[in-house]
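As a plain string of letters, each chain reads:
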Amino acid sequence: MFTTAFLDIPALQSANGEVQLPGSKSISNRVLLLAALSQGTTTIHDLLDSDDTQVMLKALEQLGCAVVRSTDPAHLNSYHVTGLGGHLAPATAARTLQLFLGNAGTAMRPLTAALALLGGNFEMSGVARMHERPIGDLVDALRQLGCRIDYLGNEGYPPLRIHPVTTAQLHLQTPIPVRGDVSSQFLTALLMALPLVGRQQDVTIEVMGELISKPYIHITLELLQRFGIAVKNDSWQRFTIPAGSHYQSPREIHVEADASSASYFIALGAIAAGKSSKPGPNNSTIHIDRSVKVLGVGAQSIQGDIRFVDAARAMGAAITSGPNWLEIRRGNWPLQAIDMDCNHIPDAAMTLAAMALYANGTTTLRNIASWRVKETDRLAAMATELRKLGATVEEGADYISITPPADREAWRPASIHTYDDHRVAMCFSLAAFNPAGVPVRIEDPKCVAKTFPGYFEALFSAVRPVPGSVPVICVDGPTASGKGTVASAVAAALGYHLLDSGALYRITGLAATRAGIPIDADHAGQIAALIAQLDITFTPDQRVLLDGEDISLAIRSEEAGMNASLGSALPAVRQALVQMQHDFRQLPGLVADGRDMGTVIFPLAPLKIYLTASAAQRAQRRHKQLIEKGIPATIADLRADLEARDARDMNRATAPLQAAQDALLLDNSDITVEEAVAQVLAWWEKRQPFAAVAAHSQASA
Ligand SMILES: Nc1ncnc2c1ncn2[C@@H]1O[C@H](COP(=O)(O)OP(=O)(O)O)[C@@H](O)[C@H]1O
Ligand SMILES: Nc1ccn([C@@H]2O[C@H](COP(=O)(O)OP(=O)(O)O)[C@@H](O)[C@H]2O)c(=O)n1
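The protein has the name Multifunctional fusion protein in an unreviewed UniProt entry, where Comamonas odontotermitis is given as its organism. What UniProt records for the protein under Subcellular location (unreviewed entry) is the sentence "Cytoplasm". For the protein, the Subunit (unreviewed entry) comment in UniProt is given as "Monomer."

A. Expanded view of the overall build of the protein. In terms of regular secondary structure, the protein is built from 24 helices and 35 strands. With the C-alpha coordinates aligned to their principal axes, the bounding extent of the protein is approximately 95 × 60 × 55 Å. Burial status across the protein gives 46% buried among its 701 residues. The contacts of the protein with a sequence gap of at least 6 include a subset with a gap of at least 24, amounting to 75%.

B. Spatial organisation of the site of ligand 2. Taken together, 17 residues sit near ligand 2, with Thr-479, Gly-502, Tyr-505, Ser-568 and Gly-594 positioned nearest. Only helix 15 (501–514), helix 17 (558–568) and helix 22 (635–651) provide two or more residues apiece to the shell around ligand 2. The greatest single-element share of the shell around ligand 2, amounting to five residues, is contributed by helix 15. Across the shell around ligand 2, the residue classes tally to four nonpolar, eight polar and five charged.

C. Highlighting the nonpolar core. Of all hydrophobic cores here, the largest spans 84 residues; its most connected members are Ile-266, Ala-353, Met-355 and Leu-430. A total of ten residues in this core trace back to one element, the largest contributor, which is helix 8 (residues 259–272). The contact partners of Ile-266, leaving out residues within four places of it in the chain, are Val-294, Phe-308, Val-309, Ala-312, Ala-317, Ile-319, Leu-326 and Ile-328. Counting residues in hydrophobic clusters, the runner-up holds 74 residues, among them Leu-63, Leu-111, Ala-141 and Met-192.

D. Fine view of the UniProt feature "binding site: phosphoenolpyruvate" (unreviewed entry) in the protein. Within this structure's numbering, the places UniProt gives as "binding site: phosphoenolpyruvate" (unreviewed entry) are Lys-25, Gly-105, Arg-133, Gln-185, Arg-378, Arg-423 and Lys-450. Taken together, the annotated residues stretch across 426 residues and extend over separate regions, lying up to 24.8 Å apart by C-alpha. Looking at the element boundaries, Lys-25 is found in helix 1 (residues 25–37). What Lys-25 contacts, discounting residues up to four positions off in sequence, is Leu-48, Ser-50, Asp-52 and Thr-106. Inspection of the secondary structure assignment puts Gln-185 in helix 6 (residues 184–193). Those residues within four positions of Gln-185 in sequence are excluded, and the remaining contacts are Gly-105 and Arg-109.

E. Region of the structure containing helix 17. Residues Ala-560, Gly-561, Asn-563, Ala-564, Ser-565, Gly-567 and Ser-568 constitute the buried set of helix 17. If you follow the buried residues of helix 17, they end up packed against helix 15, helix 16 (524–533), helix 18 (571–576) and helix 22.

F. Examining the sheet that holds strand 20 (residues 325–330) more closely. A sheet is described by the order of its strands in space; here four strands give the open sequence 3-18-20-19, paired in mixed fashion. Two strands in the sheet have a free side with no partner beyond their single neighbour: strand 3 (17–20) and strand 19 (317–322). Pairs of neighbouring strands in the sheet enclose a mean axial angle of 20 degrees, with direction left out of account.

G. Broad picture of the confidence of the model for the protein. Mean pLDDT over the protein: 94, with 99% of residues reaching 70 or higher. Both scores are given for the predicted complex: the pTM is 0.87, the ipTM 0.94.

H. Region of the structure containing the packing of helix 1 against helix 2 (residues 51–63). Look at helix 1 against helix 2: their axes get within 10 Å of each other, and the N-to-C directions meet at 5 degrees. Overall, the two elements helix 1 and helix 2 adopt an arrangement that is roughly parallel. Listed contacts from helix 2 to Lys-25, Ser-28, Asn-29, Leu-32 and Ala-36 of helix 1 are Asp-52, Thr-53, Met-56, Leu-57, Leu-60 and Leu-63. Partitioning the contact of helix 1 with helix 2 into residue classes produces six nonpolar, three polar and two charged.

I. The site of ligand 1, seen in detail. Taken together, 16 residues surround ligand 1, and among them Gly-482, Lys-483, Gly-484, Thr-485 and Arg-621 come closest. Contributions of two or more residues to the shell around ligand 1 are made by helix 14 (483–494), helix 21 (615–628) and helix 23 (673–686). Among the elements that line the shell around ligand 1, the one with the most residues is helix 14, at four residues. Within the shell around ligand 1, the residues separate by chemical class into five nonpolar, nine polar and two charged.

J. Seen up close, the packing of helix 4 (residues 105–118) against helix 6. Their axes nearest at 8 Å, the elements helix 4 and helix 6 cross at an angle of 40 degrees. Considering the angle they form, helix 4 stands oblique to helix 6. Considering how the two elements wind past one another, helix 4 and helix 6 form a crossing that is right-handed. Together, Gly-105, Arg-109, Pro-110, Thr-112, Ala-113, Ala-114 and Leu-117 of helix 4 and Gln-185, Phe-186, Thr-188, Ala-189, Leu-190, Met-192 and Ala-193 of helix 6 make up the contact between the two elements. Considering only residue class, the contact of helix 4 with helix 6 consists of nine nonpolar, four polar and one charged.

K. Broad picture of helix 4. Between its first and last C-alpha, helix 4 extends 20 Å over 14 residues, near the 20 Å set by a 1.5 Å rise per residue. Taken as a whole, helix 4 carries its principal kink of about 30 degrees at Leu-111. A positive backbone phi angle near 85 degrees is found at Gly-119, which sits one or two residues after helix 4.

L. Expanded view of the domain arrangement of the protein. As assigned here, the protein comprises domain 1 (6–20 + 258–276 + 288–465), domain 2 (25–254) and domain 3 (472–686). One C-alpha centre belongs to domain 1, the other to domain 2; they are set 35 Å apart. Between domain 1 and domain 2, the residue contacts involve five residues of the former and six residues of the latter. Of the residues contributing to the side of domain 1 that touches domain 2, the split by class is one nonpolar, four polar and no charged.

M. Quick look at the sheet that holds strand 14 (residues 238–241). Within the open sheet, the four strands sit side by side as 11-12-14-13. Their pairing is mixed. Looking along the sheet, the strands with just one partner apiece sit at the ends: strand 11 (176–179) and strand 13 (232–234). In this sheet, neighbouring strand axes are inclined to one another by 20 degrees on average, regardless of whether the strands run parallel or antiparallel. Two strands pair when backbone bridges link them, and strand 13 and strand 14 are joined in this way by three bridges, in the antiparallel orientation. Its bridge partner being in strand 14, Asp-234 is matched across the sheet by Arg-238.

N. Structural detail: the environment of Asn-343. Mapped onto the elements of the fold, Asn-343 is located in the loop between strand 21 (339–341) and helix 10 (349–355). Measuring from C-alpha to C-alpha, the distance between Asn-343 and Arg-441 comes to 30 Å, with 98 residues separating the pair along the chain.

O. Just the UniProt feature "binding site: 3-phosphoshikimate" (unreviewed entry) in the protein, in detail. The UniProt feature table records "binding site: 3-phosphoshikimate" (unreviewed entry) at Lys-25, Ser-26, Arg-30, Ser-183, Ser-184, Gln-185, Ser-213, Asp-347 and Lys-374. Sequence-wise these annotated residues cover 350 residues; spatially they are dispersed, their C-alpha atoms as much as 24.1 Å apart. As for its position among the elements, Ser-184 is in helix 6. By secondary structure assignment, the location of Asp-347 is in the loop between strand 21 and helix 10. What makes Asp-347 buried here is the crowd of 22 C-beta atoms within 10 Å. In this view, Asp-347 contacts Ser-260, Asp-305 and Arg-423; residues no more than four positions away in its chain are not counted.

What counts and what doesn't
- Residues numbered from 1 in each chain as written.
- Chains lettered and ligands numbered in written order.
- Predicted model: local features only at pLDDT ≥ 70, side-chain atom pairs only at ≥ 80, totals over all residues.
- UniProt positions renumbered as here; feature names shortened; annotations may be inferred.
- Helix = DSSP H or I, 4+ residues; strand = E, 2+ residues; numbered from the N terminus.
- Buried ≥ 20, exposed ≤ 12 C-beta atoms within 10 Å, placed from the backbone.
- Contact = placed C-beta atoms within 7 Å.
- Near = placed C-beta within 6 Å.
- Nonpolar A, V, L, I, M, F, W, Y, C, P; charged D, E, K, R; others polar.
- Core = buried A, V, L, I, M, F, W, Y, C linked by C-beta atoms within 7 Å.
- Pairing = 2+ DSSP bridges.
- Axes fitted to C-alpha atoms, helices over the stretch in contact; angles between N-to-C directions.
- pLDDT = per-residue confidence, 0-100.
- Parallel < 35°, antiparallel > 145°, perpendicular 65-115°, else oblique.
- Left-handed = near helix turned anticlockwise from the far one by under 90°.
- Expected span 1.5 Å × (residues − 1).
- Bend = angle between axes of the 7 residues up to and from the residue.
- Domains from an automatic or database assignment.

Right under this line is the structure:
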């Protein structure tokens, strides 16, 4: 996940690939409870791994369900849950179970109803915030039915104490009233609990008031069906569980991915998965047929937001679908402007607003007043941010009309404010396909964590940048000048990848030494051949693995540095490492640390820093570093070594250490690490187009 202050997305060109979406939270916890109440073992695939599902899994284990997580690395989100068959084991029923449910409303509510009917003694509590979330309407409905529930804190709120009752004590003959106009979760809870006691007669629930969030009740009804319960739905006002109903495990069930999360990738395919061709060898033509395949949800999904598929089709997306996947290609291009009532897909409709940027006219999305009362006033937010990109936007009380920028020149490189709203952030990432080839800045990118922490990683895995658009910041300079320190801090601040090119030379030196190959000109070819065979991994926690072995420490000794320097003077060795270094240039950007980053490897990089410090300072810094790592050294030896290394690096024939002509010089002898990093970031920011545009639009406002 990107936790940086902002994320700059370079201009993107096309999309192609597969994306596995995270499972839906609402479906995950419903399926877990249904499996727990059923007879038999249910294998649940693609369960969402989140705090709320972990809470539910733990509660189910306490109730006596066997829960086994798959050990197959390809299916770690598969679980085998053996249900209770509608009854607690006598030993469990005999004592009071304490269930702690964190802040998981999708666990607290349905469990309250189920446990009140299951027969047993329970105390249910959660975090402080959970004790402020009302549950009174559900408890009222259960008490009318004959259940025995006490409030242990405030009336109407958890924590709760549940006492056992027998089916004979319940009033199942008359309809059970429940309020439907506050939260549909109470109705869901009753619908999932009542099949436990409906063997002898029909059981009816009567909804008081207009039922809100019908799509969520639809999900509940669909899942009940899969577990053997066919609920009769009378106009969303009365629901009847027929006599004789009992839970039966479907044996295997896939948790659907979240359909609103799918909307970004559906839009991605419609915008960027076009066909193209290029000349091949011998006058042939290579045809490229791109598509974006979304794994985890299909067009037959039980989630309301899946109807986004129809809206995207109306705009031009070409979509095919299977039971658990969608495949999207560009259909009509440019996209078709639409005028649509979006009341049935309020969340996913925001993605249509992003698609409107690529349409052939004005798109109007209507009946979306609910946008005003979500995470932020989404209508105002979308209008403001779309305008920053150069679109013309009309905003009404319950509609938005979007006309894309008139032509390439009218597109602006915008810094998108995201209002702590995950959907704003995800929508505007799609603006990076603009025909002007300008980057898009997404502020506070971590707001996507609410539903899709890995969103940007998933996006980057399926797109190709405009050639040359992925930025590289080069940090070159002599040994111990602080390149590695500064480069890694700059990379962390920007969310960029890091290339420690020195490590590649160090690894080469180590591998050659281990293979008994002398590091000299006579053996350069042999070392180059060895490089082609090396299996090198840089782990996210900055360890270095060679053929799986952690060599992070082994390559940091001064001897390894010297061997690196020897090998690096050999042209064949340098050549063998070029491609490996170019491969580090990936979305969203790269900070490269070395000797020849700006001069040889990335000569077109938009920012090059030449970092220096006095030899005395550098010897002292290196000494401190080595002592901290427990590697013995003296300052005098180190200074002699580093001066020898500087001399060799600067005087070798191939790629000598020197500042690139367009490099900015930074002598950090007398400044702190933080100051050095801040200086590099300030220089970088100056080269970005966002500040100038913001100043321009402020001046013209
Ligand atoms: N102003 C500064 N800028 C960068 N590094 C500094 C600075 N002052 C002290 N250092 C320290 O210098 C040491 C050497 O830096 P390092 O990044 O390993 O150098 P290089 O990669 O150039 O060999 C580190 O321990 C770092 O914390
Ligand atoms: N791009 C690079 C990086 C390192 N090197 C060589 O590899 C050696 C080790 O690099 P490093 O960056 O890990 O070294 P330090 O500056 O940390 O001592 C250097 O002394 C250079 O000789 C190079 O030639 N070109």
